[in-house]
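Below are the chains, spelled out letter by letter.
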Amino acid sequence: MATTLYGIKNCDTIKKARKWLEQAGIDYRFHDHRADGLNPADLDRWLDQLGWEALLNSRGTTFRALPDEAKQGLDTAKARTLLLEHPAMIKRPLLDKDGELTLGFKADHYQSLFSR
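Note that this is a predicted model, so its numbers are computed, not measured. (Residues numbered from 1 in each chain as written. Predicted model: local features only at pLDDT ≥ 70, side-chain atom pairs only at ≥ 80, totals over all residues. Heavy atoms only, no water.)

A.B. asks: Would you mind showing me how to read the pairing of strand 4 (residues 100-103) here?
C.D. replies: On a regular strand, one side chain projects to one face of the sheet and the next to the other, so that they alternate. Direction of pairing for strand 3 (residues 94-97) relative to strand 4: antiparallel, over a ladder of four bridges. If you follow Lys97 over to strand 4, its bridge partner there is Glu100. (Pairing = 2+ DSSP bridges. Helix = DSSP H or I, 4+ residues; strand = E, 2+ residues; numbered from the N terminus.)

Rendered as structure tokens:
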């Protein structure tokens, strides 16, 4: 059984999720996309399970700063390329609990996830 939280350490939502996990006594590993890199095989699994539309944070500053042509005609392949180049565009946090993926942080959802 393994739990990994993916994101970037200075993200406020990541901080909330980490605090919740620590207060709940959950053993987890934190993977910082900026410091630890992004494994293409992990990204492919996430894209398969969640879809690029859910995974790509189009409201973040990194995405908004892209040139318009990079944002047009998005599909899985184009989104994959963008996410590998700019891992900060992956919605945060991404929690992997034994292969079950959860995007975002809501305390009640985490509670139900870890109480099973």
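A.B. asks: It is not clear to me how the packing of aromatic side chains should be interpreted in this structure. Could you clarify?
C.D. replies: For any pair of aromatic rings, geometry is given as the distance between the ring centres together with the angle between the planes. Under the definition given, this model contains five aromatic pairs. Seen from their ring centres, Tyr6 and Trp46 are 4.7 Å apart, and the 65° between their planes marks the pair as edge-to-face. Of the two residues, Tyr6 is situated in strand 1 (residues 3-7) and Trp46 in helix 3 (residues 40-50); the sequence distance between them amounts to 40 residues. Both residues of the pair, Tyr6 and Trp46, count as buried. Centre to centre, the rings of Trp20 and Phe114 are 6.0 Å apart; their planes meet at 35°, and the pair counts as tilted. Placement of the pair is Trp20 in helix 1 (residues 12-23) and Phe114 in helix 8 (residues 107-114), with a sequence separation of 94 residues. On the basis of relative accessible area, Trp20 is assigned to the buried category, the value being 15%. (Phe/Tyr/Trp six-rings, centres within 6.5 Å; stacked < 30°, edge-to-face > 60°. Buried < 20%, exposed > 50% of the residue type's maximum accessible area, 1.4 Å probe, protein only.)

A.B. asks: What is the right way to look at the side chain of Asp96 in this model?
C.D. replies: Relative to the helices and strands, Asp96 is located in strand 3. Within the structure, Asp96 has its side chain in polar contact with the backbone nitrogen of Gly99 (distance 2.8 Å). Filtering out sequence-adjacent residues up to four positions away, Asp96 remains in contact with Ala2, Thr3, Thr4, Tyr6, Arg45 and Leu101. (Polar contact = N/O pair within 3.5 Å; in protein donor to acceptor, adjacent residues only side chain to side chain. Contact = heavy atoms within 4.5 Å.)

A.B. asks: Can you walk me through the sheet that holds strand 4 in this structure?
C.D. replies: One key point about sheets: their strands pair by backbone hydrogen bonds, in either a parallel or an antiparallel sense. Taken together, the four strands give an open sheet; going across it, the order is 2-1-3-4, and neighbouring strands pair in mixed fashion. Each end of this open sheet is capped by a strand with a single partner; those strands are strand 2 (29-32) and strand 4. Geometrically, the sheet is characterised by an average inter-axis angle of 20° between neighbouring strands, direction not taken into account. Sheet topology note: the strand 1/strand 3 ladder contains four bridges and is antiparallel. Opposite Thr3, over in strand 3, you have Lys97 as the bridge partner. Lying over the sheet, helix 1 contacts strand 1, strand 2 and strand 3, oriented at roughly 160° with respect to strand 1. Against the sheet, helix 3 makes contact with strand 1, strand 3 and strand 4, and its axis sits at roughly 80° relative to strand 4, the strand it touches most. (Axes fitted to C-alpha atoms, helices over the stretch in contact; angles between N-to-C directions.)

A.B. asks: Please explain the layout of surface pockets as it appears in this structure.
C.D. replies: A probe as big as a water molecule, rolled over the atoms, marks out the empty space that is left. Looking at the largest pocket, its volume works out to about 270 Å³. Lining the largest pocket are Cys11, Thr13, Trp52, Glu53, Leu56, Asn57, Ser58, Arg59, Phe63, Leu74, Lys91 and Arg92. By residue class, the composition of the lining of the largest pocket is five nonpolar, three polar and four charged. (1 Å grid on protein atoms, 1.4 Å probe; cavity = no way out; pocket = protein on both sides within 12 Å on 5 of 7 lines; lining within 4 Å. Points joined across faces, edges and corners; volume = space filled by probe spheres on them. Nonpolar A, V, L, I, M, F, W, Y, C, P; charged D, E, K, R; others polar.)

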